[in-house]
Structure formats: structure tokens, C-alpha cells
Amino acid sequence: MSEKKILITGGAGFIGSHVVRRFVTQYPGYRIFNLDALTYAGNLANLHDIEHLPNYQFIKGDITDAEFINNLFNEYGFDAVIHLAAESHVDRSITNPLEFIMTNIVGTVTLLNAAKKLWTEKSGKRFYHISTDEVYGSLGNTGFFTETTPYDPRSPYSASKASSDHLVMAYFHTYHLPVVLSNCSNNYGSHHFPEKLIPLAINNIKNNKPVPVYGKGENVRDWLYVEDHARAIDLIFHKGKDGEKYNVGGNNEWKNIDLIHLLCKIMDKKLNRPDGTSAKLITFVTDRPGHDMRYAIDSSKLQRELGWKPSLQFEEGLEKTVDWYLANEEWLTQVTSGAYKNYYRQQYETR
Ligand code: NAD
Ligand code: DAU
């Protein structure tokens, strides 16, 4: 396994940067290539601490550009791909679905084609596709998503991810491409772009701005600390079986409104504000169209077969996350300026 050349796509994004950091530092014998188009969500500042290491290389490029991708695979002869590059925000997929179709579907097929062409000898090769629990649709008050739950995506984002999952499995069955796939619940932690609920709320509370809660805040998400996801990705990459899929989740369900109240309590403490100050910023706004009610992951296959389990209690992980955002003001200022600012205004300040 030493001297493996691994292409990680989307490594400048939230989860990708944690995966890149883990692989570069834990496996000095691997060469890690981070391919990222640096969209609004990609930020090389996420990787400042490891970019000097000799086994790390950044490549700027778009996964939908077939000529570029084929040349890249020929030039470097990658042994494995860990594919995270995607358009990832549900609200953006509602306003601009085509971008999601291009990156999440066409981009994935472009990478699959390049791997298929390069890997005439398949031994030791692996194409690992990172996906989401949103492909399974929406749950009622009970039940969990398992690996055999039928796909039932509801948003353009989840439909594009479902499509890419099907294509990855189709390349396994049709061309015997050595693939593995995982579907994870909501991640939280450092370097999370502040359009998503937790970092958006932290940033707004810090700046005394309204915290927008969609609908009545009754929707439920299953939250997992991003480093626990990166550890699951490491395990599945090394020990998962070809053609298999694995669910990854925190077993940690929270109603949005309860989560926001917990966050407000933590923020009051960290900012030395009187109890109840941050909660006054909570503002109920128009619901997300087609808003999935509840996600809950059954990760027992991953726990049983590969020995993974989440390591952090939610309260502890959330405090660590808040500490990181409060200590990294410059990062927040940088990512919330320019194009993002305009988007934010359109989405939230005109409601
Ligand atoms: P993110 O939006 O933070 O990062 C995506 C990265 O992909 C960015 O660095 C961006 O520049 C890059 N990218 C986008 N389009 C590209 C293109 N055409 N070519 C090359 N690079 C491109 O996303 P994230 O939250 O880190 O999610 C990473 C992956 O994990 C996605 O596939 C997502 O569907 C999946 N996922 C995310 C979560 C979550 O809670 N965030 C949960 C489960 C699964
Ligand atoms: O479940 C995994 C998915 O989790 C990933 O595949 C996606 O890439 C990731 O973005 C995330 O999707 P969600 O839509 O669940 O995450 P988001 O942070 O956008 O929203 C979390 C919940 O909070 C959801 O019920 C919508 C609600 N929400 C969100 C925002 C941004 C609000 O109430 N107010 C907000 O301002």
C-alpha cells in the first residue's frame, strides 16, 4: 500500500480538507493530490497547516472538464480516487439545479470514465465515492435509513447525489470498476462554510444578526463531528469491500430549534453575555421548499464490520466548533466577503 498515489477531489472544501489533512499526516508514504476548482466553497486557507508537507500537492481544476481530467490521470497514474467534490448546499440547488447536475453527475461520470480508462489492471485500485443520507428521502417520526433503504431523493441536490451513487454502482456492475460508496448524515465542525445551519448561526450570533430558522424548526437532523466522518472515510477506504456501501451517522438526532437553543446557550457562555441574549436573535422564516422532515442513520454495518463508532458527544463537539470559529475571525471574514455576501443578502436579508 505504500507509494500509493491518491487523488482527493474537493479537498479544499469542508469535509475534503479534513480528509486531506488526515491522509497527508497519517500516511506519509502516500502521495496526496488535492484536485479542487476553488468554487465559493473551496478555500486553500483550510489547508495552510499541511500544505508544506512533501506528500501533498494541490491541483486547481474542474471535474467536469473531461480533457483536463483524462490528461491528469495519464500524467499522474493515480492508484485511487476519494471523490468529495460537489455542489453541496440544498438551498442553492433549489435556485440553480443545473450547476448541481453538472458537478455532481457529469463531474462524477467524468472521473469514473478516467479511472476506467487508466485502470486496465484493477488490483490495488479503488474509486471511493462520498455521498449523503439525503438520497434516502425523508423519514417520519420513527425508523432509520439502512444501506438497503430505497432511494427517494426530494431536492435537486439529493437527486443529483442519488444519480451519482447509481452511476458509481453501475460502473461496478457493468465495467467491474473497484468502487466503494458511503452515505453520511449532517457533518459539523471547523472550516464549515457559513451558509449551513451551524456555522451560519454561530456567525450571526457573534455579529448580533437574526438566526433564521426555517418553518417551525421541527425538522430533525443526525449530526456527526467532521473528524469522525474523516476517520470513517479512512477505514472504509482501507477496509471496505468493493461494490459495497456503508452508512455513516452520529446516532445524534436534534430538532433544529433545540440545536439552535443549545448553540445560543454555548455562545452566551463563550461571549460572556447574559443567559438568553443569543436566543433573542432566533427568527422563524419561510420554510425551505420540499424540506425533508427527518434524517436518521443506522450505521450498524460500519460499526459491526469495520469497528467504527462516533467518538465525540454533541455538546463537546459543538463547544469545540464554537471555539474554532471564535478563534478564526479572519477565516470567517474572508469567506463571508465578496460573492458570498451578495448571496447571503438575497437569501436572508430580503425575507
Ligand atoms: P463543500 O461545499 O464544503 O466542498 C465542496 C468542494 O468541492 C469545494 O472545495 C469546491 O471548490 C469543490 N468543487 C465544487 N465543484 C467542483 C468542480 N466542478 N470541480 C472540482 N472541485 C469542485 O462540501 P462538503 O460539505 O465538504 O461535502 C463534501 C462531500 O461530502 C460532498 O460530496 C457532499 O455531497 C458530501 N456530504 C456532505 C455532508 C455534509 O454534512 N456537509 C454530509 C454527507 C455527505
Ligand atoms: O444530511 C447530509 C447533508 O447535510 C449533506 O448532504 C449536505 O451537503 C449538507 O449541506 C447538509 O444538508 P442540510 O440541508 O441538512 O443542511 P443545512 O445546514 O443546510 O440545514 C440543516 C437544517 O437546518 C435543515 O433542516 C434546514 C435548516 N436550516 C438551514 C439553514 C441554512 C434553517 O432552519 N435555517 C438556515 O438558515
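Anything mentioned here points back to the structure above.
Here we summarise the structure given alongside this text. (Residues numbered from 1 in each chain as written. Chains lettered and ligands numbered in written order. Predicted model: local features only at pLDDT ≥ 70, side-chain atom pairs only at ≥ 80, totals over all residues. Heavy atoms only, no water.)

### Digging into helix α7 (residues 226–239)
In a regular helix each residue adds 1.5 Å, so 14 residues correspond to 20 Å; α7 covers 20 Å between its end C-alpha atoms and thus fits that length. Most of α7 sits inside the fold, with 10 of its 14 residues counted as buried. Those residues of α7 that fall on the buried side of the exposure criterion are Val226, Asp228, His229, Ala230, Ala232, Ile233, Asp234, Leu235, Ile236 and Phe237. (Helix = DSSP H or I, 4+ residues; strand = E, 2+ residues; numbered from the N terminus. Expected span 1.5 Å × (residues − 1). Buried < 20%, exposed > 50% of the residue type's maximum accessible area, 1.4 Å probe, protein only.)

### A look at the pattern of salt bridges
Going through the model one piece at a time under the given rule, you end up with 16 salt bridges. Note that Arg22 is salt-bridged to Asp234, the shortest N-O span being 2.9 Å. Residue Arg22 is found in helix α1 (residues 14–26), and its partner Asp234 is found in helix α7; the two are separated by 212 residues along the sequence. Close ionic contact of Lys125 with Asp79 constitutes a salt bridge, the shortest N to O distance being 3.9 Å. (Salt bridge = Lys/Arg side-chain N within 4 Å of Asp/Glu carboxyl O.)

### Thoughts on α1
Here α1 spans 19 Å end to end across 13 residues, near enough to the 18 Å set by a 1.5 Å rise per residue. Phe14, Gly16, Ser17, His18, Val19, Val20, Arg21, Phe23 and Val24 are the residues of α1 that are buried.

### Thoughts on the packing of aromatic side chains
With the rule as written, the count across this model stands at 19 aromatic pairs. Between Phe145 and Tyr295, the ring centres sit 6.3 Å apart and the planes meet at 45°, which makes this aromatic pair tilted. Of this pair, Phe145 sits in the loop between β5 (126–132) and α5 (156–175) while Tyr295 sits in the loop between β12 (282–285) and α9 (300–306), and the two are 150 residues apart along the sequence. Judged by its relative accessible area of 1%, Phe145 is buried. When the ring of Trp324 is compared with that of Trp331, the centres are 5.2 Å apart and the planes differ by 75°; the resulting orientation is edge-to-face. Of the two residues, Trp324 and Trp331, neither departs from the other in class, the shared state being buried. One aromatic cluster is present, built from ring pairs that chain together Phe23, Tyr27, Tyr30 and Phe237. The ring of Tyr40 carries Arg92 above its face, with NZ or CZ at 3.4 Å from the centroid. Above the ring of Tyr246, the side-chain terminus of Lys301 is found at 4.6 Å from the ring centroid. (Phe/Tyr/Trp six-rings, centres within 6.5 Å; stacked < 30°, edge-to-face > 60°. Lys NZ or Arg CZ within 6 Å of the ring centre and 35° of its normal.)

### What about the sheet that holds strand β4 (residues 80–83)?
The sheet built from 7 strands is open, its strands ordered β3-β2-β1-β4-β5-β6-β10 with parallel pairing. With one partner strand each, in any of the chains shown, β3 (56–60) and β10 (245–248) form the two edges of the open sheet. Averaged over all adjacent pairs, the angle separating strand axes in this sheet is 20°, with direction ignored. Strand direction decides the pairing type here: β5 and strand β6 (residues 179–184), joined by 6 bridges, are parallel. When the sheet's bridge partners are listed, Tyr128 is paired in β6 with Val180. (Pairing = 2+ DSSP bridges. Axes fitted to C-alpha atoms, helices over the stretch in contact; angles between N-to-C directions.)

### Considering the site of ligand 2
Around ligand 2 sit 24 residues in total, of which Thr132, Asp133, Tyr157, Arg288 and His291 are the nearest. Note that an oxygen atom of ligand 2 is positioned 2.7 Å from one of the side-chain N or O atoms of Thr132. Here ligand 2 loses 95% of its free accessible area of 690 Å² to cover by the protein chains. The set of elements that each furnish at least two residues to the shell around ligand 2 consists of α6 (197–206) and β8 (211–214). Per-element tally for the shell around ligand 2: the top contributor is β8, with 3 residues. Along the lines of polarity and charge, the residues of the shell around ligand 2 split into 10 nonpolar, 8 polar and 6 charged. (Near = heavy atom within 4 Å. Polar contact = N/O pair within 3.5 Å; in protein donor to acceptor, adjacent residues only side chain to side chain. Areas by Shrake-Rupley, 256 points an atom, 1.4 Å probe, with all protein chains shown as cover. Nonpolar A, V, L, I, M, F, W, Y, C, P; charged D, E, K, R; others polar.)

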